[in-house]
Amino acid sequence: GDNWSDSCVQVLHGIVQVGMIPDLPYSRPSPAYVYHMIDRPYIPTLVEMETAGVRINVDRLSALVPPIKQRLSEIQEILDIFNDGPINVQSSQQMARLLYKKLDLEQHTKDWRGRRIGPWKKDPDTTDATALELLAQYHDVVPLVREHRKISKLKGTYIDNLIAEALKDKGHRAYTHFNATTA
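Everything numeric in this text was worked out from a predicted model, so none of it was measured.

**Q** Honestly, the overall build of the protein chain in this entry has me stumped. Any pointers?
**A** Helix and strand content of the protein chain: seven helices and two strands. Walking the protein chain from its N terminus toward its C terminus, one meets helices and strands in the order α-α-α-β-α-α-α-α-β. For the protein chain, the proportion of its 183 residues judged to be buried stands at 31%. Of all intrachain contacts in the protein chain linking residues separated by at least 6 positions in sequence, the fraction that spans at least 24 positions is 61%. For the protein chain, the exposed area adds up to about 12,700 Å²; of that, 55% sits on carbon and sulfur atoms.

**Q** Hey, could you run me through a nonpolar patch on the surface in this one?
**A** Taken together, the side chains of Tyr35, Ile43 and Val47 present a nonpolar region at the surface, about 230 Å² in accessible area. Mapped onto the secondary structure, Ile43 falls in helix H3 (residues 43-52). Residue class for Ile43 comes out partly exposed when judged on its relative accessible area of 35%.

**Q** Help me understand H3, please; the structure alone is not making it clear to me.
**A** Each full turn of the α-helix corresponds to 3.6 residues, which orients residues three or four apart in the same direction. Residues of H3 that are buried include every one of Thr45, Leu46, Met49 and Glu50, and no others. Within H3, the buried residues cover an arc of 140 degrees as seen down the axis, which keeps them to one side. Within H3, the exposed residues directed more than 90 degrees away from the buried face are Pro44 and Thr51. Phi for Gly53, located one or two positions after H3, is positive at around 70 degrees.

How each quantity is defined
- Residues numbered from 1 in each chain as written.
- Predicted model: local features only at pLDDT ≥ 70, side-chain atom pairs only at ≥ 80, totals over all residues.
- Heavy atoms only, no water.
- Helix = DSSP H or I, 4+ residues; strand = E, 2+ residues; numbered from the N terminus.
- Buried < 20%, exposed > 50% of the residue type's maximum accessible area, 1.4 Å probe, protein only.
- Contact = heavy atoms within 4.5 Å.
- Areas by Shrake-Rupley, 256 points an atom, 1.4 Å probe, with all protein chains shown as cover.
- Patch = residues over 30% accessible without salt bridge, like charges linked within 9 Å, V, L, I, M, F, W, Y side chains within 5 Å.
- Salt bridge = Lys/Arg side-chain N within 4 Å of Asp/Glu carboxyl O.
- Arc of directions from axis to C-beta.

Now the structure itself:
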């Protein structure tokens, strides 16, 4: 209710106050100051938030799954066509083979002196996020790979897990633990 909302506002206000210490414009507050003035007073509020949990609208979250699956399927079909067969988008080796061998994308792995640079410095066949960002301008398939990975991550890390966590509780609440003394 209102008490919980007021507590949340107090926590946020306290967090904002850390950056507004008038006598220390360019220095960090001491850990003792932060603990005694910010962290410690809000421990009861954090405990209350942990106990209350966060209500998850399972129906609304579940409604996102079909269009996400549809889009992932559409992207997968396109990538399979470019690959001349099925490809696992999460496999860096299969994606490297598609991007660097089949599509013959330039890896931009070396500077003018011949030294490896950027994301290719350690691995010339990398398909990490940085490499894909740099390659996106050279072929239409690269933005699709990036989109597939982002959507898959969103679905797998958040949507599926929040639904599963909420279904464990009859009130569809997810519970967490807040640690006031870590970043």
